[in-house]
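Okay, here's what each chain looks like letter by letter:
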Amino acid sequence: MAEPTWLSYADAAALSDIADEVMTGGVADVAWAGAVDASAEWVEDQRKDVTYTDAETVGARIRLGTARLAQRWHARRTSPMGQASFTDFTAG
């Protein structure tokens, strides 16, 4: 894992209002870091028109959207729906 240069784990946690849950002493827990990394990679793949060098080159909307996507993916890992497979919902 490598922290995105344009959206730190701490900034993403602060933008998502979950810093108390996912940051301990300024260090991101592994699940949060993974969610931020995956979200940043997905956004970079979708928005190739943006230069992802640092927070200054990436707009506030993209940073907020990426942080919220990371928050959604982070929360989904512990939800019952996040653990279920499609076959769990089909009539048998």
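Located above this text is the structure these notes cover.
Residues numbered from 1 in each chain as written. Predicted model: local features only at pLDDT ≥ 70, side-chain atom pairs only at ≥ 80, totals over all residues. Heavy atoms only, no water.

Considerations on the overall build of the protein
Phase 1 of the analysis: Across its full length, the protein holds 5 helices and 2 strands.
Phase 2 of the analysis: In sequence order, the secondary structure elements of the protein are arranged as α-α-β-β-α-α-α.
Phase 3 of the analysis: Looking at the 92 residues of the protein, the share that counts as buried comes to 32%.
Phase 4 of the analysis: For the protein, the proportion of contacts with a sequence separation of at least 24, taken over those separated by at least 6, is 63%. (Helix = DSSP H or I, 4+ residues; strand = E, 2+ residues; numbered from the N terminus. Buried < 20%, exposed > 50% of the residue type's maximum accessible area, 1.4 Å probe, protein only. Contact = heavy atoms within 4.5 Å.)

Things to note about the nonpolar core
General note: in soluble globular proteins, nonpolar side chains tend to be found buried as a group.
Phase 1 of the analysis: In terms of nonpolar packing, the biggest core is built from 22 residues, with W6, Y9, M23, W32, Y52 and I62 touching the most fellow members.
Phase 2 of the analysis: Of the residues forming this core, the biggest block, 6 residues, is contributed by helix α3 (residues 30–46). (Core = buried A, V, L, I, M, F, W, Y, C linked by side-chain atoms within 4.5 Å.)

Comments concerning helix α4 (residues 60–76)
Phase 1 of the analysis: In this model, α4 (17 residues) spans 24 Å end to end at C-alpha, consistent with the 24 Å of a helix rising 1.5 Å per residue.
Phase 2 of the analysis: Every buried residue belonging to α4 is among I62, R63, T66, A67, L69, A70 and H74, and all of these are buried. Seen end-on, α4 carries its buried residues on one side only, within an arc spanning 160°. Of the exposed residues in α4, the ones pointing more than 90 degrees away from its buried face are A60 and R61.
Phase 3 of the analysis: Buried positions along α4 lie against α1 (9–15), α2 (19–22) and α3. (Expected span 1.5 Å × (residues − 1). Arc of directions from axis to C-beta.)

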